[in-house]
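Here are the chains, one letter per residue:
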Amino acid sequence: MAHHEQSTATFPEHIRKKRNGEQLSAGEIRDFIQGVKDKTIQESQIGAMLMAIWLQGMVAEETLALTKEMMMSGEVMSWPAEWEGLMVDKHSTGGVGDKISLVLAPALAACGCKVPMISGRGLAHTGGTLDKLESIPGFNVYQAVFSLLPCT
């Protein structure tokens, strides 16, 4: 299926297909992500699809299609060409301690690496990375955020 084509099946048919252990096409996965993004799928149907995926699993092709569609459903960041070979990624969900990211990212940056990180707030009982950083007297999270943006 070409990237711009949509599936002709209804969303409940997609749910039924996955529930029955069949593989979803890239177009069906695209329909799902687009429907979630556009809020044209009922929350109960989203839950049913996610339950079917959780119970039946996904093959590599489905996982790849889902990842690509999720990535393309929002804004995709791009980086300056001069950062080529300097970009590194340290993913963190925040967690209770946030022990690694808070030390590793500045150390990598001090070595010349570019470490763009996305951080959240108010994550359950632990708070997000930004919440933790803001608890340090005088620490300005906005300075840290904007220092990552390329100058134009």
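If you're wondering where the values come from, they're calculated on a predicted model, not measured in any experiment.

Trainee: Which residues make up the overall build of the protein chain, and what are the values?
Mentor: Assigned secondary structure in the protein chain consists of seven helices and zero strands. Starting at the N terminus, the α and β elements of the protein chain follow one another as α-α-α-α-α-α-α. Expressed as a percentage of its 152 residues, the buried residues of the protein chain come to 26%. Per element, the accessible surface of the protein chain, about 10,600 Å² overall, is 60% carbon and sulfur.

Trainee: Could you give an account of the environment of M58, with specific residues and numbers?
Mentor: Tracing the chain through its elements places M58 in the loop between α3 (43–56) and α4 (60–72). Given the relative accessible area of 24%, M58 is considered partly exposed. Between the alpha carbons of M58 and G21 there is a distance of 9.1 Å; along the sequence they are 37 residues apart. When residues no more than four places from it in sequence are discounted, the contact partners of M58 are K18, I29, I53, T63 and L66.

Trainee: Give a detailed account of the packing of helix α2 (residues 26–38) against α4, specifying residues and quantitative values.
Mentor: The geometry of α2 relative to α4 is characterised by a closest axis approach of 9 Å and an angle of 35° between their N-to-C directions. Classified by chirality, the crossing of α4 by α2 is right-handed. Taking contact as the criterion, the partners of A26, I29, R30 and I33 in α2 are, on α4, E62, A65, L66, E69 and M70. Here the residues of the contact of α2 with α4 sort into six nonpolar, no polar and three charged.

Trainee: Explain the nonpolar core to me, using residue names and the numbers behind them.
Mentor: One finds F11, I15, L24, I29, F32, I33, I41, I46, M49, I53, A65 and L66 forming the largest nonpolar core, which totals twelve residues. For this core, the elements supplying multiple residues, two or more each, are α1 (11–19), α2, α3 and α4. Residues within four places of I41 in sequence aside, it is in contact with F11, D31, F32, G35, V36 and I46.

Parameters at a glance
- Residues numbered from 1 in each chain as written.
- Predicted model: local features only at pLDDT ≥ 70, side-chain atom pairs only at ≥ 80, totals over all residues.
- Heavy atoms only, no water.
- Helix = DSSP H or I, 4+ residues; strand = E, 2+ residues; numbered from the N terminus.
- Buried < 20%, exposed > 50% of the residue type's maximum accessible area, 1.4 Å probe, protein only.
- Areas by Shrake-Rupley, 256 points an atom, 1.4 Å probe, with all protein chains shown as cover.
- Contact = heavy atoms within 4.5 Å.
- Axes fitted to C-alpha atoms, helices over the stretch in contact; angles between N-to-C directions.
- Left-handed = near helix turned anticlockwise from the far one by under 90°.
- Nonpolar A, V, L, I, M, F, W, Y, C, P; charged D, E, K, R; others polar.
- Core = buried A, V, L, I, M, F, W, Y, C linked by side-chain atoms within 4.5 Å.

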